[in-house]
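Fold and geometry: a report
Listed below, chain by chain, are the residues.
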Amino acid sequence: FEGEPGKTKIQIAQQSLLTLLKQLRPDDALGIVLFNHAATVLQPMEKISSIDKTKLEANILKLRANGGTSISQAIQVASDLYDQAIGKGNTKDDSHMISRRIFFLTDMEVSTDDGKTFLDRIQKNAQNQTIWSTVVGVGLDLGAEVIQSVSKTIG
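The structure contained in this document is the topic of the report that follows.

**Points about the overall build of the protein chain**
Helix and strand counts for the protein chain stand at 5 helices and 4 strands. For the protein chain, the N- to C-terminal ordering of α and β elements is α-β-β-α-α-β-α-β-α. Buried positions account for 34% of the 155 residues belonging to the protein chain. Pairs at least 24 apart in sequence give 68% of the contacts found in the protein chain among residues at least 6 apart. Approximately 9400 Å² of the protein chain is accessible, and the part contributed by carbon and sulfur atoms is 50%.

**Regarding the environment of threonine 19**
Relative to the elements of secondary structure, threonine 19 occurs in helix H1 (residues 9-23). At 2.9 Å, the side chain of threonine 19 forms a polar contact with the backbone oxygen of glutamine 15.

**Re the packing of H1 against helix H2 (residues 53-61)**
In the contact formed by H1 and H2, the axes pass within 9 Å of each other and the chain directions differ by 165°. On the basis of their axis angle, the class for H1 and H2 is roughly antiparallel. The element H1 and its partner H2 pack so that their crossing is right-handed. Facing Gln14, Leu17, Leu18 and Leu21 of H1, the residues of H2 in contact are Leu56, Glu57, Ile60 and Leu61. Looking at side-chain class alone, the contact of H1 with H2 contains 6 nonpolar, 1 polar and 1 charged residues.

**A closer look at the nonpolar core**
Counting residues in hydrophobic clusters, the biggest one holds 19 residues, and the most contacted among them are Ile75, Ile102, Phe104, Phe118 and Val150. Considering each element in turn, this core owes the most residues, 7 residues, to helix H3 (residues 71-88). In contact with phenylalanine 104, not counting residues within four places along its chain, are Phe35, Ile71, Ala74, Ile75, Phe118, Ser133, Thr134, Val135 and Val136. With 9 residues, the next largest nonpolar core counts Leu17, Leu18, Ile51 and Ile60 among its residues.

**A word on the pairing of strand S3 (residues 100-106)**
On S3, burial follows the alternation: Arg100, Ile102, Phe104 and Thr106 on one face are buried, whereas Arg101, Phe103 and Leu105 on the facing-out side are not. In this structure, S3 lies alongside strand S4 (residues 131-137), joined through 7 bridges in parallel fashion. Bridge assignment links threonine 106 to a residue of S4, and that residue is glycine 137. A crossover links S3 with its parallel partner S4, the connecting element being helix H4 (residues 112-129), and its sense is right-handed.

**With respect to the side chain of asparagine 36**
Tracing the backbone shows asparagine 36 in the loop between strand S1 (29-35) and strand S2 (39-47). At a separation of 2.7 Å, a polar atom in the side chain of asparagine 36 contacts the side chain of asparagine 66. When residues no more than four places from it in sequence are discounted, the contact partners of asparagine 36 are Asn66, Gly67, Gly68, Thr69 and Ser70.

**As for H4**
When the terminal C-alpha atoms of H4 are compared, their 25 Å separation across 18 residues agrees well with the 26 Å that a helix rising 1.5 Å per residue should span. Of all the positions in H4, only Asp114, Gly115, Phe118, Leu119, Arg121, Ile122, Asn125 and Ala126 are classed as buried. Taken around the axis of H4, the buried residues stretch over an arc of 165°, which confines them to a single face. Within H4, the exposed residues directed more than 90 degrees away from the buried face are Thr112, Asp113, Lys116, Gln127 and Asn128. One or two positions beyond H4, positive phi appears at threonine 130, with a value near 50°.

**Thoughts on the packing of aromatic side chains**
One pass over the full model with this rule turns up 2 aromatic pairs. Aromatic side chains phenylalanine 104 and phenylalanine 118 sit 4.9 Å apart centroid to centroid with 90° between the ring planes, which places their arrangement in the edge-to-face category. Remark: phenylalanine 118 occurs in helix H4 and phenylalanine 104 occurs in strand S3; sequence separation between them is 14 residues. Judged by its relative accessible area of 0%, phenylalanine 118 falls in the buried class. Ring-pair connections join several aromatic residues into one group, and the members of that group are Phe35, Phe104 and Phe118.

Calculation criteria
- Residues numbered from 1 in each chain as written.
- Predicted model: local features only at pLDDT ≥ 70, side-chain atom pairs only at ≥ 80, totals over all residues.
- Heavy atoms only, no water.
- Helix = DSSP H or I, 4+ residues; strand = E, 2+ residues; numbered from the N terminus.
- Buried < 20%, exposed > 50% of the residue type's maximum accessible area, 1.4 Å probe, protein only.
- Contact = heavy atoms within 4.5 Å.
- Areas by Shrake-Rupley, 256 points an atom, 1.4 Å probe, with all protein chains shown as cover.
- Polar contact = N/O pair within 3.5 Å; in protein donor to acceptor, adjacent residues only side chain to side chain.
- Axes fitted to C-alpha atoms, helices over the stretch in contact; angles between N-to-C directions.
- Parallel < 35°, antiparallel > 145°, perpendicular 65-115°, else oblique.
- Left-handed = near helix turned anticlockwise from the far one by under 90°.
- Nonpolar A, V, L, I, M, F, W, Y, C, P; charged D, E, K, R; others polar.
- Core = buried A, V, L, I, M, F, W, Y, C linked by side-chain atoms within 4.5 Å.
- Pairing = 2+ DSSP bridges.
- Right-handed = clockwise from strand over helix to strand, strands pointing away.
- Expected span 1.5 Å × (residues − 1).
- Arc of directions from axis to C-beta.
- Phe/Tyr/Trp six-rings, centres within 6.5 Å; stacked < 30°, edge-to-face > 60°.

Structure representation (structure tokens):
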């Protein structure tokens, strides 16, 4: 990994998350899903004003890389967070100007089948639920075919 001398992929991902946290407003909502060979929720979807940011930052800094990259499980769990938040009324927006977005910080070292399932879900989310996706490449080994297809998806 040659992204930043002396830093690992996970350190770059941590730095990116911490930077993102600083840019969110109190009424913004955030959920964080971790993924390797499985997907788990680090932070359920909540408004920033309700989150203990000090604890969340500490949890982000504790992250360690291990396992593979099951990105299709990650998008399923992340999409479910939106469904749960909508069910609880946590994402109501009276002005209808709400933006729903899933950011993926990944090296995209995925299998062909996993990449296809991931792409299918991104397209479904964009068309049916107005959930947009952004892939932030961490490393130089991104799967070009999947990334090019994701880039052509609306949102």
